[in-house]
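# Fold and geometry: a report
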Amino acid sequence: MLVNKMQSDDQLVIADKTFTSRLFTGTGKFNDQQTMIAALRASQSELVTMALKRIDMEHKDDDILAPLIKNGMNLLPNTSGARNAKEAIFAAQLAREALQTNWIKLEIHPDPKYLLPDPIETLKAAEFLARDGFVVLPYVHADPVLCKHLEAAGCAAVMPLGAPIGSNKGLKTIDFLEIIIEQANIPVIVDAGIGSPSHAALAMELGADAVLVNTAMAVARDPVLMSDAFAKAVQAGRQAYLAGLAGQ
Amino acid sequence: MLVNKMQSDDQLVIADKTFTSRLFTGTGKFNDQQTMIAALRASQSELVTMALKRIDMEHKDDDILAPLIKNGMNLLPNTSGARNAKEAIFAAQLAREALQTNWIKLEIHPDPKYLLPDPIETLKAAEFLARDGFVVLPYVHADPVLCKHLEAAGCAAVMPLGAPIGSNKGLKTIDFLEIIIEQANIPVIVDAGIGSPSHAALAMELGADAVLVNTAMAVARDPVLMSDAFAKAVQAGRQAYLAGLAGQ
Amino acid sequence: MLVNKMQSDDQLVIADKTFTSRLFTGTGKFNDQQTMIAALRASQSELVTMALKRIDMEHKDDDILAPLIKNGMNLLPNTSGARNAKEAIFAAQLAREALQTNWIKLEIHPDPKYLLPDPIETLKAAEFLARDGFVVLPYVHADPVLCKHLEAAGCAAVMPLGAPIGSNKGLKTIDFLEIIIEQANIPVIVDAGIGSPSHAALAMELGADAVLVNTAMAVARDPVLMSDAFAKAVQAGRQAYLAGLAGQ
Amino acid sequence: MLVNKMQSDDQLVIADKTFTSRLFTGTGKFNDQQTMIAALRASQSELVTMALKRIDMEHKDDDILAPLIKNGMNLLPNTSGARNAKEAIFAAQLAREALQTNWIKLEIHPDPKYLLPDPIETLKAAEFLARDGFVVLPYVHADPVLCKHLEAAGCAAVMPLGAPIGSNKGLKTIDFLEIIIEQANIPVIVDAGIGSPSHAALAMELGADAVLVNTAMAVARDPVLMSDAFAKAVQAGRQAYLAGLAGQ
Amino acid sequence: MKLFVNERVITIPADCNIEQLLTLLESPLKGSAVAVNQHIISRSTWTEYKLNEGDQIALFQAIAGG
Amino acid sequence: MKLFVNERVITIPADCNIEQLLTLLESPLKGSAVAVNQHIISRSTWTEYKLNEGDQIALFQAIAGG
Amino acid sequence: MKLFVNERVITIPADCNIEQLLTLLESPLKGSAVAVNQHIISRSTWTEYKLNEGDQIALFQAIAGG
Amino acid sequence: MKLFVNERVITIPADCNIEQLLTLLESPLKGSAVAVNQHIISRSTWTEYKLNEGDQIALFQAIAGG
């Protein structure tokens, strides 16, 4: 049948990995680990972000790694907390050791209020990390020229934002996402701001290759049901893109 | 499992019928009947609209009825073409005879350019038809006060528009749809203007009880794949509504 | 000079009156009468709305009438508070006696929360009042078909809303205002929801004949400065309409 | 009177210059020089952009300089056409010689289709030019972090875009303009995309210090009338900002 | 003579007309409208219209409003 | 006997009822509705309803539509 | 032997290597990364890398995060 | 003496300075900028700066622009 054929054929390749699901997820802000795992399973996500932090010797965190790996998810450590290229590079190298992966979500946000990414430091770190063998996925403003620079620097994908992290405002940068998608030769993953399944579907309809969702799942009243909703919405948006939406 | 449980329990009741799918569809504008049937099957829709017209004795139309009924779809004849209450009532009564159903999608649009509904004539016809035993689903502007009048007149649901028919512009009336949904004691079905799965998901996230889609499926490059996309998007939006979206 | 020539020629005619200013104003919600008069003067408005109420024998209101008339403003009494056609007709007739004018802003809003107008009762009252010699300006939803009915009923203008009264949300109905303006043979005055000068300018750029502003002026920190801002914005929008905006 | 008092006090200072008008203009795309001068006069603009190009020995251009200077306008040469920092620096230095001003609008856009600015090269050039004694006004994406870098680099103002140049789409970056304005310690001038007076008014209502408009004036059917409309809209938006807009 | 003005009982001299009533009540003539027993009384007849015992007078006035 | 079906003149045998008419016209019974001289004729009476000379028959059918 | 782990003073036996340190601290090997005096130490050398008196150890662990 | 102005070959008298060149070319002094062999020549030295055989002159002028 046509639909199934489409789905099995339509895979996303980034660097050495092939993804069937175009919904990437984060592991932050869930109430507890059990809910997180159940939600991530419902999302069918194959790539989940993680952070790295200095161990607090008094209050050790749960082991989050084992259940993720057990469920077959690929890990995408991020450099959150880094305020400049130097800190981000250090964080990336630590993450590589900790998680034994050369994939890195490069995040540099000097401003603690809106957590918006720094274009200058991000490009600097991306150039270094790409040469250092990393599969670099930088979180950036929806700036088409910057995205071309990052592509030239050897990034494996770009992750432009839809709206400030955690704002749930949707695709406020839609006019620029369209240009980025039009011009990119590497996958475009819309990150940040996606607050509902309809936002995720819209990003996919525009031709984004994937979306990354975290807050909207984690803080829902029912995170598992919400994650399943996102999974369906991403499929719906992708299929609509492939099926050819009529113009307005 | 939670997700399945939710889905099997979450049914929409209108008058004497119970629906599992919240995606209603139209049968217009498809390239051919075979594509239409395949698309409607992919949509999983359980209620499809039809029109009625005077038979052209020279050029008879295909029998569209048999395959729809064979596929278990409920029929919702409309009164399209009616320019006032009198014509709409006559059309409704004809449709009742032709399709042996007392369900009617009441459409009265005097203006041929934008096909916008007439509030005055629609209420007049709705009052008559509801008393005459019809299950009346009126297509209306997203006018909250009018919707309350139609509810009082005995309509089984209201079908406010998102944007002009066939425009694919999405939920341009969103501020008023929210008020209608807040105030209604009967199901609210968003009709007209839904041009993509993300639009459909958004309508469901707002709390609409169902959506009606036609043009966006029929004129897609691949109507079957698009219809499946709409099915998923409607489920996604409904689940998100039930799972409790976080605020912005 | 071109600009001045344009301004002196470009007048708005409604029934028997000619207006140089296309900014109509309301008199509600000002902190005190002195501020109100100063703000209305700054607005250069030539038509101001008023309400009518039963006199409270214990707490008599200020005489608001004298200063308005002294400043050369035309009065537009409204029927606010009316919940149906009968109450609105009575209110209009009272207003005619009280203010010795046959102009009436017809407002019928049964719902106390959003104050949205009732299309059915408004048309009924408009038909009666127009035959009874009133210059009827009905406040209505941005419903193009209803506006044509009101035009046929003999209304002197239509006053479609941009957003719910007092919401300051701007032109949420813009897609339908454009259709109303395209189809109307009587002046179109955008009422309700205009919360800032940019909203007022936008309405005029679309081709609206005038706007009515109240809340945004009255509740500003500096109502006089704000009213002057609205006066300029309305002129700016009107001039842009006349000067021919380029498409996007 | 309050209004006049406000206007005479409310001046914009950038580097060594004080502006009464907050409408900056461009000189491109006018049909002829006479219309351009008349429009710029009507706009009351005190700062106008110019470009620099290699003289075509066969087809010499009109002397545009004399009438601008005669009308008391300050000149803001731009570096348009520069594709990287090196070219922009060279262009800035040429412009300083040609126009005997150290003010420069720094524009670097490698992509000829959308003319979007390059954040990396722009910051590099800005750092150099600021140290070289220029009053640098960089045209940039609405990227708050980049704007802070440019401020630190010694720029006199930042000029974030509302939408791609010449698109007339308005403030598509509004969510980020608000953050830029909130965080900036130097003037914020919204540039590019302002297609109508209502857009200009909106930018000023947000708290922008000035706007730059060119295409929308130059390609209007009546550029003089349109320029006057923009002058009024900018004043309206500024006054509304000062007068304290009520929230929605 | 007793009658009702906006639901309150008022005592006035017999043979009073509407204009006299308004004056008694210190109510402004301008900007006012009067209904007697639900019928609006035209301003032009205020001096002729005699009020009766038990009349229900509704007295309205223009106020600030949107 | 002559009558009109959707404005066209048709000649049919006398004493014909509606169901017979539809059969003659090779028109499907299902999905159809019939009005005679502006009155809608219920499907349940199609076999009883005798047509007369000059009757104006309007014949409708369900088609695809939005 | 005294050294610093995430700014806290820790006393451990001399000749301890990184893997032994983690075991002493009951810290998981998996998902962890270690820097000694600002230099990241590759996991493959943890059993060889001898710690010295006064070393500044930074110990990191993967946690949930957006 | 031959040199290049905006890629075109021009013949001018020897010992010509920049200001003289502009005058010969009937090019306005105001609003112009000049680079010789990629170096921008300050307006204040235009009368002193002697041009040489084969110099690459780039001549710029202010024009209308956004």
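Turning next to the overall build of chain E. Each helix and strand in chain E was counted, giving one helix and five strands. Traced from its N-terminal end to its C-terminal end, chain E shows the element sequence β-β-α-β-β-β. A globule of 66 residues ought to have a C-alpha radius of gyration of about 11 Å, and chain E, at 11 Å, matches this closely. In terms of overall dimensions, chain E has a C-alpha envelope of 40 × 25 × 20 Å along the principal axes. When the 66 residues of chain E are sorted by exposure, 45% land in the buried category. Taking all contacts inside chain E whose residues are at least 6 apart in sequence as the whole, residues at least 24 apart take part in 51%. For chain E, the exposed surface amounts to about 3400 Å²; the carbon and sulfur share of it is 51%.

A tally of helices and strands in chain A yields ten helices and ten strands. Seen through its C-alpha atoms, chain A measures out along the principal axes to roughly 55 × 40 × 35 Å. Once local pairs closer than 6 in sequence are excluded, the contacts in chain A between residues at least 24 apart make up 65%. Total accessible area on chain A stands at roughly 8500 Å², and carbon and sulfur atoms take up 48% of it. Counting 22 positive and 28 negative side-chain charges, chain A places the averaged centre of each group 2 Å from the other.

This part covers the packing of helix 8 (residues 197-206) of chain A against helix 8 (residues 197-206) of chain B. Where helix 8 of chain A contacts helix 8 of chain B, the two axes come as close as 8 Å, and the packing angle between them is 175 degrees. In terms of orientation, helix 8 of chain A lies roughly antiparallel with respect to helix 8 of chain B. Taking contact as the criterion, the partners of P197(A), S198(A), A201(A), L202(A) and E205(A) in helix 8 of chain A are, on helix 8 of chain B, P197(B), S198(B), A201(B), L202(B) and E205(B).

Within strand 5 (residues 56-64) of chain H, seven of the nine residues are buried, leaving the element largely enclosed by the surrounding structure. One ladder, built from five bridges, connects strand 4 (residues 47-54) of chain D with strand 5 of chain H; its direction is antiparallel. Across the sheet, residue L52(D) finds its bridge partner in strand 5 of chain H, namely A62(H). Across two bridges, the pairing between strand 1 (residues 2-5) of chain H and strand 5 of chain H is parallel. Within strand 5 of chain H, the position partnered with F4(H) by the bridge is Q56(H).

Let's shift gears to the confidence of the model for chain A. Per-residue confidence for chain A gives a mean pLDDT of 92; residues scoring 70 or more make up 96%. Within the model, pLDDT remains below 50 along residues 1-5 of chain A, and this stretch shows six contacts once partners closer than five positions in the same chain are excluded.

So, about the arrangement of the chains. The smallest C-alpha distance separating chain D from chain G is 20 Å, and no contact links them. Nothing in chain E touches chain H, and the closest approach of their C-alpha atoms is 44 Å.

Moving on to the sheet that holds strand 8 (residues 159-160) of chain A. Spatially, the three strands line up as an open sheet ordered 6-7-8 (chain A), and their pairing is parallel. The sheet terminates laterally at strand 6 (103-106) and strand 8 of chain A, the two strands that pair on one side only.

Turning next to the relation of the copies chain A and chain B. It takes a turn of 180 degrees to lay chain A on chain B, together with a shift of 0.0 Å along the axis; the resulting RMSD is 0.0 Å. One copy is carried onto the other by what is essentially a two-fold rotation axis. With an isologous cut-off of 70% or more, the 100% of interface residues of chain A that recur at the interface of chain B puts this contact in the isologous class.

What follows concerns helix 10 (residues 223-243) of chain D. Counted at 1.5 Å a residue, the expected span for helix 10 of chain D with its 21 residues is 30 Å, and the 30 Å between its end C-alpha atoms agrees. Of the residues trailing helix 10 of chain D, G244(D) is marked for its positive phi of about 85 degrees.

At the junction of the two partners, chain A supplies 37 residues and chain B supplies 37 residues. Buried area between chain A and chain B, summed over both chains or domains, comes out near 3000 Å², and the portion from carbon and sulfur atoms is 63%. For the pair chain A and chain B, the interface holds 18 residue pairs in polar contact (both at pLDDT 80 or more). Secondary-structure elements contributing two or more residues to the side of chain A that touches chain B are helix 1 (2-9), helix 8 and helix 10 (223-243) of chain A. A per-element tally of the side of chain A that touches chain B places helix 10 of chain A first, with 14 residues. Here the residues of the side of chain A that touches chain B are counted per class, giving 20 nonpolar, eleven polar and six charged.

On to the relation of the copies chain D and chain A. Placing chain D over chain A gives an RMSD of 0.0 Å and needs a rotation angle of 180 degrees, together with 0.0 Å of translation along the axis. Both copies present the same face, since 100% of the interface residues in chain D are matched by interface residues at the equivalent positions in chain A.

All right, on to the pattern of salt bridges then. For the structure shown, the criterion picks out 51 salt bridges over all chains. The salt bridge partner of D132(B) is R96(B), with a shortest N-O separation of 3.1 Å. Of the two residues, D132(B) is situated in the loop between helix 5 (119-131) and strand 7 (135-140) and R96(B) in helix 4 (residues 85-99); the sequence distance between them amounts to 36 residues. Note on D132(B): relative accessible area 27%, which makes it partly exposed. The class for R96(B) is partly exposed, based on a relative accessible area of 23%. When the shortest N-O distance is used, the salt bridge between K148(C) and E151(C) registers 3.2 Å. Taken together, the positions of K148(C) and E151(C), both in helix 6 (residues 144-152) and three residues apart, correspond to about one turn of that helix.

The rules behind each value
- Residues numbered from 1 in each chain as written.
- Chains lettered and ligands numbered in written order.
- Predicted model: local features only at pLDDT ≥ 70, side-chain atom pairs only at ≥ 80, totals over all residues.
- Heavy atoms only, no water.
- Helix = DSSP H or I, 4+ residues; strand = E, 2+ residues; numbered from the N terminus.
- Rg over C-alpha atoms; globule rule 2.2 N^0.38 Å.
- Buried < 20%, exposed > 50% of the residue type's maximum accessible area, 1.4 Å probe, protein only.
- Contact = heavy atoms within 4.5 Å.
- Areas by Shrake-Rupley, 256 points an atom, 1.4 Å probe, with all protein chains shown as cover.
- Lys, Arg positive; Asp, Glu negative; His and termini not counted.
- Charge placed at Lys NZ, Arg CZ, Asp CG, Glu CD.
- Axes fitted to C-alpha atoms, helices over the stretch in contact; angles between N-to-C directions.
- Parallel < 35°, antiparallel > 145°, perpendicular 65-115°, else oblique.
- Pairing = 2+ DSSP bridges.
- pLDDT = per-residue confidence, 0-100.
- Least-squares fit on C-alpha atoms with pLDDT ≥ 70 in both.
- Expected span 1.5 Å × (residues − 1).
- Buried area = accessible area lost by both parts, 1.4 Å probe.
- Polar contact = N/O pair within 3.5 Å; in protein donor to acceptor, adjacent residues only side chain to side chain.
- Nonpolar A, V, L, I, M, F, W, Y, C, P; charged D, E, K, R; others polar.
- Salt bridge = Lys/Arg side-chain N within 4 Å of Asp/Glu carboxyl O.

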